[in-house]
Amino acid sequence: MSGAGRLIVVGLGPGDPAMQTPQAAAALAEATDLIGYGPYLARVPARPGVVQHPTDNRVELDRARHALTLAAAGRVVVVVSSGDAGVFAMASAVFEAIDHGEAAWRALDVRVVPGISALLAVAARVGAPLGHDFCAISLSDNLKPWELVEQRLVAAAGAGFVLALYNPASRARPWQIGRCFEVLRGVLPGSVPVIFATAVSRADEAVTVVRLDAADPALADMRTLVLVGSAATRMVAREAGAPWVYTPRGVG
Ligand code: SAH
């Protein structure tokens with residue numbers, strides 16, 4: 001085993017290269033091996049000699065073990081995620097693999113480089129909806145039971161948090177977002193602003209602001225982040241252009 005191996009887990013940001021940090025770019029420039037979901041690797045500038053290991057978007061733990069094995073063999077391995085690598089992404093899988101894996105992996109030089117997560121990019125597009133307390137919930141029931149998702153939605157919305165909903169829909173999970181709105185309408189006023197933001201910072205970006213009682217689940221796909229306001233969140237109508245959405249800094 002060579003001592004020179006390293007593993008860097010990098011968040012690439014939401015899409016636009018201008019939203020990738022210089023630290024992420026520096027890590028990518030050091031890599032001998034790149035590991036990640038194919039479409040994310042496609043966003044990394046190609047360099048001669050760098051080995052790309054494209055994967056599908058599942059079996060994150062296998063991907064993490066593969067990365068650790070390469071790093072332990074002396075490679076400089078960069079694992080990429082979109083947004084921030086610690087938000088519903090690869091960084092946890094890497095530490096889970098270390099936690100349960102080979103003792104030698106604990107001695108490896110492992111670093112995490114933060115990125116702009118979708119919730120930050122989306123919030124900036126519409127104003128300041130995350131100005132007060134908020135939480136992030138993944139609607140994917142691949143890694144947890146759906147009942148738990150509903151419990152968390154009710155608890156968080158009921159406690160006044162603005163909700164950032166990741167993974168709202170996919171071809172394999174078409175009904176969850178509709179059910180989510182049903183549940184939230186039982187807890188929140190119908191006037192609460194809901195933001196559908198798809199492919200933010202990319203060429204086909206689409207952002208729509210509606211009221212909860214008019215929220216159409218069909219606006220969400222796997223590239224959408226849905227932000228649901230709290231009762232305190234405000235829409236500021238404008239003659240020209242979309243409304244601003246903000247949550248005041250203080251309540252009560
Ligand atoms: N690590 C990522 C999240 C990965 S989960 C991050 O920090 O952003 C994948 C989900 O992220 C998608 O289903 C969508 O909800 C959200 N997402 C990622 N990129 C996005 C973008 N450019 N615009 C809107 N939502 C995005």
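Whatever comes next refers back to the structure up there.
Described in the following lines is the structure provided in the data block.

Definitions and cut-offs
Residues numbered from 1 in each chain as written. Predicted model: local features only at pLDDT ≥ 70, side-chain atom pairs only at ≥ 80, totals over all residues. Heavy atoms only, no water. Pairing = 2+ DSSP bridges. Helix = DSSP H or I, 4+ residues; strand = E, 2+ residues; numbered from the N terminus. Axes fitted to C-alpha atoms, helices over the stretch in contact; angles between N-to-C directions. Contact = heavy atoms within 4.5 Å. Parallel < 35°, antiparallel > 145°, perpendicular 65-115°, else oblique. Left-handed = near helix turned anticlockwise from the far one by under 90°. Nonpolar A, V, L, I, M, F, W, Y, C, P; charged D, E, K, R; others polar. Phe/Tyr/Trp six-rings, centres within 6.5 Å; stacked < 30°, edge-to-face > 60°. Lys NZ or Arg CZ within 6 Å of the ring centre and 35° of its normal. Salt bridge = Lys/Arg side-chain N within 4 Å of Asp/Glu carboxyl O. Buried < 20%, exposed > 50% of the residue type's maximum accessible area, 1.4 Å probe, protein only.

### As for the sheet that holds strand β11 (residues 224–228)
Within the open sheet, the five strands sit side by side as β7-β8-β11-β9-β10. Their pairing is mixed. Edge positions in the sheet fall to β7 (134–138) and β10 (206–211), since each has one partner strand and no second. Averaged over all neighbouring strand pairs, the angle between strand axes comes to 15°, with direction disregarded. Across five bridges, the pairing between β7 and strand β8 (residues 162–166) is parallel. Each residue of the ladder has a partner; that of S138, found in β8, is Y166. Lying on the sheet, helix α7 (residues 176–185) is in contact with β8, β9 (193–198) and β11; it crosses β11 at an angle near 5°.

### Examining the packing of helix α3 (residues 60–72) against helix α4 (residues 90–100)
Axis separation between α3 and α4 bottoms out at 8 Å; the angle between their running directions is 65°. Taken together, the axis directions place α3 and α4 in an arrangement best described as roughly perpendicular. Seen along the crossing, α3 lies across α4 with a hand that is right-handed. Each of E60, L61, R63, A64, R65 and L68 in α3 lies in contact with α4, whose residues at this interface are M90, A93, V94, E96, A97 and I98. The residue inventory of the contact of α3 with α4, partitioned by class, reads eight nonpolar, no polar and four charged.

### Regarding the packing of aromatic side chains
Within this structure, the stated rule accounts for four aromatic pairs. In this structure, R238 is placed above the aromatic ring of W244, and the distance from its NZ or CZ to the ring centre is 4.1 Å.

### Observations concerning the pattern of salt bridges
In this structure the tally under the stated criterion is 10 salt bridges. Between D109 and R111 there is a salt bridge, and its shortest N-O distance comes to 3.7 Å. Classification of R111 by relative accessible area gives partly exposed; the value is 40%. Measuring nitrogen to oxygen at the nearest pair gives 2.7 Å for the salt bridge that ties D213 to R211. Shared partners join several salt bridges into a network, and the residues in it are E150, R179 and E182.

### Describing the pairing of β8
Counting buried positions along β8 yields five of five residues, so the element is predominantly enclosed. Burial along β8 is two-sided: the residues V162, A164 and Y166 and L163 and L165 are all buried. Inspection of the sheet shows β8 paired to β11 by three bridges, in the antiparallel sense. Residue A164 lies in a different strand from β11, and its bridge partner there is L227.

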